[in-house]
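The lines below spell out each chain.
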2 protein chains.
Amino acid sequence: MSTALGTLPSTDPRTGERRDTGIAPTDAAALAEIVAASATAFAVTRWSTRDWRAGLLDALADALDADRAALVAVADRETGLGTGRLDGEVSRAAFQFRLFAEALRDGGYLEATIDHAGDTPLGRGPEIRRMLVPIGPVAVFGSSNFPFAFSVAGGDTASALAGGNTVVLKAHGSHVETSARSFAVLAAAAARYGAPAGILGIVYGTEAGRLLVADERITAVGFTGSLGAGRALLDIINARPEPIPFYGELSSLNPLVVTAGAAAARGDAIAEGLYGSFTLGAGQFCTKPGLAFVPRGADGDRIVAGLVERADAASAQVLLNDRIAGSFDEIRERLGAVDGVEVAAIGRADAAGFAAAPTVLTIDAASLTPEVTEEAFGPLVVVARYDGVDDVVRALDAVPDSLTATIHSEPDEPTTVERLVRELAPRAGRIVFDGYPTGVRVSWGQHHGGTWPSTNSQHTSVGVSAIRRFLRPIAYQDAPEYVLPEELRDGYRGIPRRVDGRLELG
Amino acid sequence: MSTALGTLPSTDPRTGERRDTGIAPTDAAALAEIVAASATAFAVTRWSTRDWRAGLLDALADALDADRAALVAVADRETGLGTGRLDGEVSRAAFQFRLFAEALRDGGYLEATIDHAGDTPLGRGPEIRRMLVPIGPVAVFGSSNFPFAFSVAGGDTASALAGGNTVVLKAHGSHVETSARSFAVLAAAAARYGAPAGILGIVYGTEAGRLLVADERITAVGFTGSLGAGRALLDIINARPEPIPFYGELSSLNPLVVTAGAAAARGDAIAEGLYGSFTLGAGQFCTKPGLAFVPRGADGDRIVAGLVERADAASAQVLLNDRIAGSFDEIRERLGAVDGVEVAAIGRADAAGFAAAPTVLTIDAASLTPEVTEEAFGPLVVVARYDGVDDVVRALDAVPDSLTATIHSEPDEPTTVERLVRELAPRAGRIVFDGYPTGVRVSWGQHHGGTWPSTNSQHTSVGVSAIRRFLRPIAYQDAPEYVLPEELRDGYRGIPRRVDGRLELG
């Protein structure tokens, strides 16, 4: 995807116009230097204090805020996501850095644990003091659809740095200039704060991404992207002499179930909310509800009609790049051609650039097969009509596991809801009630993850516990106090610790 | 390794005599049934309460205690580890079940977190409630060297069951009858307690192990064994349509450093302790100190002399099986032939069965290369002589990362010790001071793990937090209270929870 000059292009998805960024794909020699600098910086950051890192994260957040207008302008030109959404995303990115700073000051994430020496049922036990420590340089792959919150300035970067690691970023080809500017802003702020030069690095180009994952100094990979690209990186990892953790967010259909009661009580509102959710950001959310179970009958018909009406009236949406646009059209055509699928609405796709038409497909829940449950990354929903909850439960066998599952119901349907939760909870990382899965709250308790193929790990990429991905435990046995991290010394106060089996608030 | 009758043999390592166990290798059809039963049982256990599971674990511990004498007798015949050690190991296995029962009653492992709905810097946030839930049927591979504590009745089984999972065991070929008896004891106790029939299953034979890891219903693998066998299982996992977590404990050299001060102050005691540690269980411990840095000069000479004297005087030891014995002899010969390595002592190997001679090799620390830092599973230590700490630090580049690292020092050497900790902490999961790494305390704070090749994960296989390997998070957004697990309801008390960012003891 390089230009005539051998540099990477930046494309305006609203027009398809390409401009030269002047940024060349990172070659093997440059990549090796960048990773070496990251390893050198890690020799410093690994011993840094929680307070120092909290200050660093706050400084990075402030720097994002200070450059907000320019960042949003560049990203809008490269992604077509709109300045309102992008401004909100900068806020979210800044908030993520600040939330991890708060988590550092809290200290609970260290899982500090002290077992004093003493008699046990197995004889005398030595003293054991354990906490979590950083692992090393982490590779973070920017996503196409979140140029800030899941990219250079995103949650993987924030959580890896919070843990005391260094980060080498792989810029996403859809927003090269946004990535470069985000990196410049963060790197300058880190330097002003006094961080070692290699704490953040960035590489460009697909081949550089592969080399990065293969580099033996890289200790973990955070990735958001397609199932195919994720598997390709996993194959590289598995061929390494030393395999490393891969935290991939790969593909998610996010089923949503509307009960009979909810359809009757608030079908119009659900049509409005669901339409807004599956077309938000042109449907380019990993949490987009791509499959909705809607009851048969007049109430359900009204929901479908509400979706169709909105899709028919909508302007064309703009997808992030030509690859996503081409793939969306291809998958939409494939899904629409499956036996039993009816194309209820295809909106307009008459815009310039990488236009996409909001699309509503319908099918009998009984006819749902894995053919129809492929993720279409873009503004498309498959509405599966059902008669009773049994139909939904049976149909779920054709639905891959997801990041989220959603239930719209009424208070007088507890039996139905309990049954649905029992079926959906094993298949998703987050269960949403009477809302929409797009829009992921960044908080202490959030979980953004799930079983394969939504993600490949038992950890989250959003929320405070995302830091656990980039940490490992260490235990000190009978250590003299002066070698212990201060958080593991007897007199230390101010963080939660488990001492002799009992949790103490500190 | 099957007998003429097509069943698996049980071999007495003290004599090499084989007897027919009457147990056939599990074929594909039988394996499929066993895994299906595990999945069926998981549909029950996944919704079980912590109290119910704590009671189950206590019942399993009691059952082990009740069958102790018979278990020890069978294991002694199959492993030659001696009744004293094996009796202690049954105690440890029973203790592990009880410790996880305690952890269940404590409830902190759930990481219960509640973020109430409310205003946030990013606008109004929905309510999020998160906790950890089980993942499904887990495959647990028994180890050769711990027929109880790391096998059928071991920590992987206890932690997986504690989490609400079911377990399918792969019996180790070195102790088929011990595995079968352990399984019978546990399965009977589980049935008496009222657990579903498939909560525990067992398969026999190498091919069954491969099929087990490939089975799509298996959701994680716990493994203790050789690097080669571990990589082979990883390859199977990577070829699955849905990769799953692999928790492998693979290979560990466990360097031990004796400072000049320690050598001067208590060289004789160190020689005695080190000899005891590297020959404990015939050196068949994953935490065996296989490499000891001993200072040059008279004090260090005395330590080496103390090791040599003991090795020369010792009776032959007995290894677990012919493969381990053959491999030990081969590696010992290879190490002994490396340039610069001196064979300081080879004890007697004149016993019947799978005998091994306690062996002491010496080398200049400056000559240490990866050739000499291969793990020899058995009673062998390489003593690297050094002049100053710089020599040790340089030599560590040739040492693979380990489960443990050990420092023997005196109180007046803080500068040396701090430097060694800085070098060793990044290379090991546990740092032991003035003791020996064999003997792993089972406690809340223990960490038994490390970076590749010692283990391939950022989690522990010993201690309470081992349960985290077999859990995943789930988040409920704006859920009606009646669908929430009780631990996530507002009024619930008795477990630690993080509520609106603040940890509460409950």
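Note that this is a predicted model, so its numbers are computed, not measured. (Residues numbered from 1 in each chain as written. Chains lettered and ligands numbered in written order. Predicted model: local features only at pLDDT ≥ 70, side-chain atom pairs only at ≥ 80, totals over all residues. Heavy atoms only, no water.)

Q: Sorry, what's going on with the packing of aromatic side chains here?
A: Each aromatic ring pair is summarised here by two numbers: the centre-to-centre distance and the angle between the ring planes. In this structure the tally under the stated criterion is 14 aromatic pairs over all chains. Measuring from centroid to centroid gives 5.4 Å for Trp 52 of chain B and Tyr 193 of chain B, while their planes differ by 55°, and the two rings are tilted. Of this pair, Trp 52 of chain B sits in helix α2 (residues 50-66) while Tyr 193 of chain B sits in helix α6 (residues 176-193); the two residues are 141 residues apart in sequence, bridging distant segments of the chain. Judged by centre distance (5.8 Å) and plane angle (70°), the rings of Phe 141 of chain B and Phe 223 of chain B are edge-to-face. Taken together, the positions of Phe 141 of chain B in strand β7 (residues 138-141) and Phe 223 of chain B in strand β10 (residues 220-224) put the pair 82 residues apart, joining distant regions of the chain. Here Phe 141 of chain B and Phe 223 of chain B have matching classes, each one buried. For the cation-ring pair, Arg 469 of chain A lies above Tyr 247 of chain A, with the distance from its terminal atom to the ring centre recorded as 5.7 Å. (Phe/Tyr/Trp six-rings, centres within 6.5 Å; stacked < 30°, edge-to-face > 60°. Helix = DSSP H or I, 4+ residues; strand = E, 2+ residues; numbered from the N terminus. Buried < 20%, exposed > 50% of the residue type's maximum accessible area, 1.4 Å probe, protein only. Lys NZ or Arg CZ within 6 Å of the ring centre and 35° of its normal.)

Q: Looking at this structure, how should I read the packing of helix α2 (residues 50-66) of chain A against helix α6 (residues 176-193) of chain A?
A: When two helices pack together, their arrangement is given by the angle between their axes and by how far apart the axes lie. All names here are of chain A. Between α2 and α6, whose axes approach to 9 Å, the crossing angle comes to 140°. Judged by the angle between their axes, α2 and α6 are oblique. Where α2 crosses over α6, the handedness of that crossing is right-handed. Residues Asp 51, Trp 52, Gly 55, Leu 56, Ala 59, Leu 60, Ala 63 and Leu 64 of α2 form the contact with α6, whose own contacting residues are Val 185, Leu 186, Ala 189, Ala 190, Arg 192 and Tyr 193. Grouping the constituent residues of the contact of α2 with α6 by class yields eleven nonpolar, one polar and two charged. (Axes fitted to C-alpha atoms, helices over the stretch in contact; angles between N-to-C directions. Parallel < 35°, antiparallel > 145°, perpendicular 65-115°, else oblique. Left-handed = near helix turned anticlockwise from the far one by under 90°. Contact = heavy atoms within 4.5 Å. Nonpolar A, V, L, I, M, F, W, Y, C, P; charged D, E, K, R; others polar.)

Q: Help me understand the interface of chain B and chain A, please; the structure alone is not making it clear to me.
A: Interfaces are often sized by the accessible area lost when the parts come together. Taken together, the contact between chain B and chain A spans 77 residues of the former and 77 residues of the latter. Of the roughly 6600 Å² buried between chain B and chain A, counting both surfaces, carbon and sulfur atoms make up 57%. Where chain B packs against chain A, one counts two salt bridges. In this structure, Asp 106 of chain A and Arg 498 of chain B form a salt bridge, with 2.8 Å as the shortest nitrogen-oxygen distance. Taken together, chain B and chain A are joined by 50 residue pairs in polar contact (both at pLDDT 80 or more). Looking at the side of chain B that touches chain A, the elements that each hand over two or more residues are α4 (83-106), β3 (113-115), β6 (128-134), α8 (227-239), α13 (414-424), β20 (428-433) and β21 (471-477) of chain B. (Buried area = accessible area lost by both parts, 1.4 Å probe. Salt bridge = Lys/Arg side-chain N within 4 Å of Asp/Glu carboxyl O. Polar contact = N/O pair within 3.5 Å; in protein donor to acceptor, adjacent residues only side chain to side chain.)

Q: Explanation requested: unusual backbone geometry in the structure shown.
A: In terms of backbone geometry, most residues other than glycine have negative phi values and most peptide bonds are trans. Here Trp 452 of chain A and Pro 453 of chain A are connected by a cis peptide whose omega angle stands at 5°. Within the secondary structure, Pro 453 of chain A sits in the loop between β20 (428-433) and β21 (471-477). Backbone geometry at Asp 478 of chain B places phi at a positive 55°, although glycine is not the residue there. Positive phi, normally seen in glycine, also occurs at Asp 500 of chain B, with a value near 50°. If you trace the backbone, Asp 500 of chain B turns up in the loop between β22 (497-499) and β23 (502-504).

Q: I would appreciate a short explanation of the relation of the copies chain B and chain A in the present structure.
A: Each copy of the chain is related to the other by a rotation around an axis and a translation along that axis. Superposition of chain B onto chain A requires a rotation of 180° combined with a translation of 0.0 Å along the rotation axis, giving an RMSD of 0.0 Å. Put plainly, the chains are arranged around a two-fold axis. Mapped onto chain A, 100% of the interface residues of chain B again fall at the interface, so both copies present the same surface. (Least-squares fit on C-alpha atoms with pLDDT ≥ 70 in both.)

Q: Help me out: how do you make sense of empty space enclosed by the protein in this one?
A: Here the idea is plain: a probe the size of a water molecule rolls over the atoms and shows the empty space left. Inspection of the entire model under this criterion finds eight cavities of 30 Å³ or more. What the largest cavity holds in volume is close to 880 Å³. Gly 108 and Glu 111 of chain A together with Gly 108, Tyr 109 and Glu 111 of chain B are, among the 39 residues lining the largest cavity, the residues nearest its centre. Of all the secondary-structure elements, those providing two or more residues to the lining of the largest cavity are β6 (128-134) and β22 (497-499) of chain A together with α4, β6 and β22 of chain B. Estimates place the volume of the second largest cavity at around 540 Å³. Counting residues per element, the ones that place at least two in the lining of the second largest cavity are α8 (227-239) and β11 (246-249) of chain A together with α8 and β11 (246-249) of chain B. (1 Å grid on protein atoms, 1.4 Å probe; cavity = no way out; pocket = protein on both sides within 12 Å on 5 of 7 lines; lining within 4 Å. Points joined across faces, edges and corners; volume = space filled by probe spheres on them.)

Q: I tried to follow the sheet that holds β11 of chain B on my own but got confused; where do I start?
A: Neighbouring strands of a sheet are bound in pairs by backbone hydrogen bonds; such pairs are parallel or else antiparallel. Residues and elements named next belong to chain B. Pairing in this open sheet of five strands is parallel, and the strands run β9-β8-β7-β10-β11 from one edge to the other. In the strand order of this sheet, the two ends are held by β9 (200-203) and β11, each with one partner. The average undirected angle you get between the axes of adjacent strands in this sheet is 15°. Two strands pair when backbone bridges link them, and strand β8 (residues 167-170) and β9 are joined in this way by four bridges, in the parallel orientation. Residue Lys 170 lies in a different strand from β9, and its bridge partner there is Val 203. In the packing of helix α1 (residues 28-45) onto the sheet, the strands contacted are β8 and β9, and the crossing angle to β9 comes to about 160°. (Pairing = 2+ DSSP bridges.)

Q: What exactly am I supposed to notice about the pairing of β8 of chain B here?
A: Moving residue by residue along a regular strand, the side chains alternate between the two faces of the sheet. All names here are of chain B. In β8, alternate side chains face the same way, and those of Val 167 and Leu 169 on one face and Val 168 and Lys 170 on the other are all buried. Where β7 meets β8, four bridges bridge the pair, whose relative direction is parallel. Within β8, the position partnered with Ala 139 by the bridge is Val 168. For the crossover from β7 across helix α5 (residues 155-162) to β8, the handedness is right-handed. This β-α-β element, β8 to α6 to β9, shows right-handed connectivity. (Right-handed = clockwise from strand over helix to strand, strands pointing away.)

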